[in-house]
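Analysis of the macromolecular model
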Amino acid sequence: MELIFVRHGEPAWAVDGINQPDPFLTERGHEQARLAAQRLANDDDPVSEIIVSPAQRSQQTAEPLAAATRVVPTTVGNLVEIQMPNWEGMPEEAVVKLFHEARDRDPEDWWDGLAGGESFRDFHHRITAAMLDLLAQRGVTQDSMGRPHLWNVEAQRQRIIIVAHGGTNAVALGWLLGVEPTPWEWERLVLGHCSMALVRAVPLAGAHIFSLRTFNDVEHLPRGLRTR
C-alpha cells in the first residue's frame, strides 16, 4: 500500500484585501494542480483512490487529477485543515498581524489553539481518528498485539492519493511514522503547495511499518511555481 499526501495548490487567502474563510485557488494554484495531476497520472502504478478534504482549495486541486485518472474522488470531512476563528470579512493585514503575534505564545497555549478556533488537541485527534477509520476501511489496522508502529495490511496493491492541507498532512505523516506530536506540526514538517509526500507499507517484524519514501516533493513544479 502507498499513501501519497498532496497539499492543495496556492489559495487566494484574501480578495481585495479581505480574508477568505474558504479560499479558492489562484491562477498559479490551478497550474500547480494541473502539473501535479499530470505527474501522478503518468506514473507506472495506477491510482486506486483519491481522498479529498471538503475545502474548496482541496477540491479544486483534485479536479484535474480526477479528470486525468478517471477516478471519482471521495470527500472526507474530517480531513479539513485546523479550524480558525471566524475571521470572515476581516482585513488581510489584521489576520496577518494576529498570526504573527500568535507565534510567540507559550507552548501550552499552542495546544489550546487560537481563541475562537479549534484547539490543536482536538485537531490532532480529529485527523488521526479520520486516518484510523480510512485505513481500517481498506484493511489496514494497528498491530493486534499492541506493538507500537506496526500495522496489519491485508490488500497491499493500493495507491491512495490524499489531497488535503499543510497541517492535515503533517499531522497524518507524523502519526503514521510514530513521531511524538507537537502543536506546530505544519512548521516542523513543512509542505509546499501541491507538494507530495509518499509513505509505503513495508513488511517488517512479522507485520508492516509505514516507511517515508519522499517528502515535500515538488520536482513536477518549475521553480517559479514553487510556493508555500
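Note: the structure precedes this text.
Now for a description of the structure that goes with this document. No experiment lies behind these values; they were computed from the predicted model shown.

1. Let's talk about unusual backbone geometry
Residue Asp-16 is not a glycine yet carries a positive backbone phi of 55°. Its location among the elements puts Asp-16 in the loop between β2 (14-15) and β3 (18-19). The phi angle at Asn-216 is positive, at roughly 50°, despite the residue not being glycine. If you trace the backbone, Asn-216 turns up in strand β10 (residues 207-217). Residue Asn-216 is classed as partly exposed on the basis of its relative accessible area, which comes to 28%.

2. Description of empty space enclosed by the protein
Taken as a whole and judged by the stated rule, the model has one cavity of 30 Å³ or more. Of the pockets and cavities examined, the largest cavity occupies roughly 50 Å³. Going through the elements one at a time, α1 (27-42) and α2 (56-69) are the ones with two or more residues in the lining of the largest cavity. A total of four residues in the lining of the largest cavity trace back to one element, the largest contributor, which is α1.

3. Looking at a nonpolar patch on the surface
Taken together, the side chains of Leu-177, Val-179, Leu-212 and Phe-215 make up a nonpolar region of the molecular surface, amounting to roughly 280 Å² of accessible area. Inspection of the secondary structure puts Leu-212 in strand β10.

Conventions and cut-offs
- Residues numbered from 1 in each chain as written.
- Predicted model: local features only at pLDDT ≥ 70, side-chain atom pairs only at ≥ 80, totals over all residues.
- Heavy atoms only, no water.
- Helix = DSSP H or I, 4+ residues; strand = E, 2+ residues; numbered from the N terminus.
- Buried < 20%, exposed > 50% of the residue type's maximum accessible area, 1.4 Å probe, protein only.
- 1 Å grid on protein atoms, 1.4 Å probe; cavity = no way out; pocket = protein on both sides within 12 Å on 5 of 7 lines; lining within 4 Å.
- Points joined across faces, edges and corners; volume = space filled by probe spheres on them.
- Patch = residues over 30% accessible without salt bridge, like charges linked within 9 Å, V, L, I, M, F, W, Y side chains within 5 Å.
- Areas by Shrake-Rupley, 256 points an atom, 1.4 Å probe, with all protein chains shown as cover.
- Salt bridge = Lys/Arg side-chain N within 4 Å of Asp/Glu carboxyl O.

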